[in-house]
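Each chain, written out:
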Amino acid sequence: MAMGLKGRFITFEGSEGSGKSTQAALVLDYFKSKGLPAVLLREPGGVKISEKIRDILLNVNNKAMADECETLLYMAARAQLVKEILRPALDKGQIVLCDRFLDSTIAYQGWGNGIDVSIIENIGQFAVGGLKPDLTLLFDIDTQQGLSRTNVKKDRIELRCLEYHNRVREGYLALAKREPTRVKIIRVDAPKEIIFERIKTYLDKVL
Ligand code: TMP
């Protein structure tokens, strides 16, 4: 729950090429067409400082980056976004849509890189002060198929091997199993309009 805050917090998760960003944009339009106060943010990024951290994280030249540094930078970007606009927006009663959040760090740095998930959860608690999405839509696609849908010019994370991305997917599915009330798996096996119809059911319930 968004911890006593007035707004609603919905996150979009999934491995590479899952189409979650397209769906997040469709959801924003949907809420706006209903006259609801919705904003769409992305992670890492969403505010100036966090966008700068994003550049460091995704830059292919930063090959020497340690797994610990990577984990903390994702958390740092998140802490800034939460404090600067995410929590204030929820306080004001807005519907906040976020393209990725803490679950991404559990899947990518935890399951992918092998960082202890309980450590990620502890640092996450510090970074976001216990803020949890009301709903998380997990877009699930076959890893190889997803990777083939990404840009030709890959970023530092996308460049990782297939086994890495398979672990990320496995991590996400484990999260959905652990928290079935919050995390809803959306199979990406149809055109975007049909996928959107599937998620609408969950959106209406969360309002
Ligand atoms: P994007 O492609 O959804 O914009 O996300 C940027 C990349 O950062 C993507 O490869 C996933 C990765 N990522 C992590 O590894 N850990 C995180 O905590 C987040 C938010 C993203």
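The preceding data block contains the structure.
Not measured: the values here are computed from a predicted model.

What counts as what
- Residues numbered from 1 in each chain as written.
- Predicted model: local features only at pLDDT ≥ 70, side-chain atom pairs only at ≥ 80, totals over all residues.
- Heavy atoms only, no water.
- Near = heavy atom within 4 Å.
- Polar contact = N/O pair within 3.5 Å; in protein donor to acceptor, adjacent residues only side chain to side chain.
- Areas by Shrake-Rupley, 256 points an atom, 1.4 Å probe, with all protein chains shown as cover.
- 1 Å grid on protein atoms, 1.4 Å probe; cavity = no way out; pocket = protein on both sides within 12 Å on 5 of 7 lines; lining within 4 Å.
- Sits in = over half its atoms within 2 Å of the grid points.
- Helix = DSSP H or I, 4+ residues; strand = E, 2+ residues; numbered from the N terminus.
- Nonpolar A, V, L, I, M, F, W, Y, C, P; charged D, E, K, R; others polar.
- Pairing = 2+ DSSP bridges.
- Axes fitted to C-alpha atoms, helices over the stretch in contact; angles between N-to-C directions.
- Contact = heavy atoms within 4.5 Å.
- Expected span 1.5 Å × (residues − 1).
- Buried < 20%, exposed > 50% of the residue type's maximum accessible area, 1.4 Å probe, protein only.
- Arc of directions from axis to C-beta.
- Core = buried A, V, L, I, M, F, W, Y, C linked by side-chain atoms within 4.5 Å.
- Points joined across faces, edges and corners; volume = space filled by probe spheres on them.

Inspection of the region around the ligand gives 14 residues, with Glu 16, Arg 54, Arg 100, Thr 105 and Gln 109 positioned closest. For the ligand, an oxygen atom lies 2.8 Å from a polar atom in the side chain of Arg 54. Surface burial for the ligand is 93%, taken as the share of its 470 Å² of free accessible area covered by protein chains. Judged by the proximity of its atoms to the pocket grid, the ligand belongs to the largest pocket. For the shell around the ligand, the secondary-structure elements that each account for two or more residues are helix H2 (48-58), helix H3 (67-91) and helix H4 (102-112). For the shell around the ligand, the element with the highest residue contribution is H4, accounting for four residues. In terms of residue class, the shell around the ligand is made up of five nonpolar, three polar and six charged.

This part takes up the sheet that holds strand E4 (residues 135-140). On the basis of which strands lie adjacent, the open sheet formed by five strands has the order E2-E3-E1-E4-E5 and parallel pairing. Edge positions in the sheet fall to strand E2 (38-42) and strand E5 (183-187), since each has one partner strand and no second. In this sheet, neighbouring strand axes are inclined to one another by 20 degrees on average, regardless of whether the strands run parallel or antiparallel. The sheet contact formed by strand E1 (residues 8-14) and strand E3 (residues 95-99) spans five bridges and is parallel. Looking at the pairing, Ile 10 lines up with Leu 97 of E3. The sheet strands contacting H3 are E1, E2 and E3, and the helix crosses E3 at an angle near 145 degrees.

Along its twelve residues, helix H5 (residues 117-128) runs 16 Å from first to last C-alpha, staying within 8% of the 16 Å computed at 1.5 Å per residue. Among the residues of H5, Ile 120, Gly 124, Ala 127 and Val 128 are the ones counted as buried. Each buried residue of H5 sits inside an arc of 70 degrees when the element is viewed along its axis, so together they form one side. Projecting away from the buried face of H5 at angles above 90 degrees are the exposed residues Asn 122 and Phe 126. Those residues of H5 that are buried lie in contact with H3 and H4.

Our focus in this paragraph is the nonpolar core. Ranked by internal contacts, the top residues of the largest apolar core, which has 36 residues, are Phe 9, Leu 86, Val 96, Phe 101, Tyr 108, Leu 131 and Tyr 172. Apart from the residues lying within four places of it in its own chain, the contact partners of Leu 86 are Phe 9, Leu 41, Leu 81, Val 96, Cys 98, Phe 101 and Leu 131. In this structure, Leu 28, Phe 139, Ile 141 and Phe 196 belong to the second largest nonpolar core, which totals 21 residues.

Going from Glu 43 to Pro 44, the amide bond is cis rather than trans, its omega being -10 degrees. One can find Pro 44 in the loop between E2 and H2.

Position of Thr 136 among the secondary structure elements: in strand E4. With a relative accessible area of 0%, Thr 136 lands in the buried category. Excluding anything up to four places from it in sequence, Thr 136 contacts Thr 11, Glu 13, Asp 103, Arg 182, Val 183 and Lys 184.

Considered as a void within the structure, the largest pocket measures approximately 800 Å³ in volume. Around the largest pocket, the lining comprises 30 residues; the ones closest to its centre are Glu 16, Arg 54, Arg 100, Asp 155 and Glu 158. Breaking the lining of the largest pocket down by element, the ones donating at least two residues are helix H1 (20-33), H2, H3 and H4. If one sorts the elements of the lining of the largest pocket by residue count, H4 sits on top with four residues. Looking at the lining of the largest pocket residue by residue, the classes come out as six nonpolar, eleven polar and 13 charged. Within this model, the second largest pocket holds a volume of roughly 210 Å³. Those elements giving two or more residues to the lining of the second largest pocket turn out to be H4, H5 and helix H7 (162-178). For the lining of the second largest pocket, the element with the highest residue contribution is H5, accounting for four residues. A per-class count over the lining of the second largest pocket returns seven nonpolar, three polar and six charged.

From the geometry alone we can't say anything about function, so treat these as descriptive.
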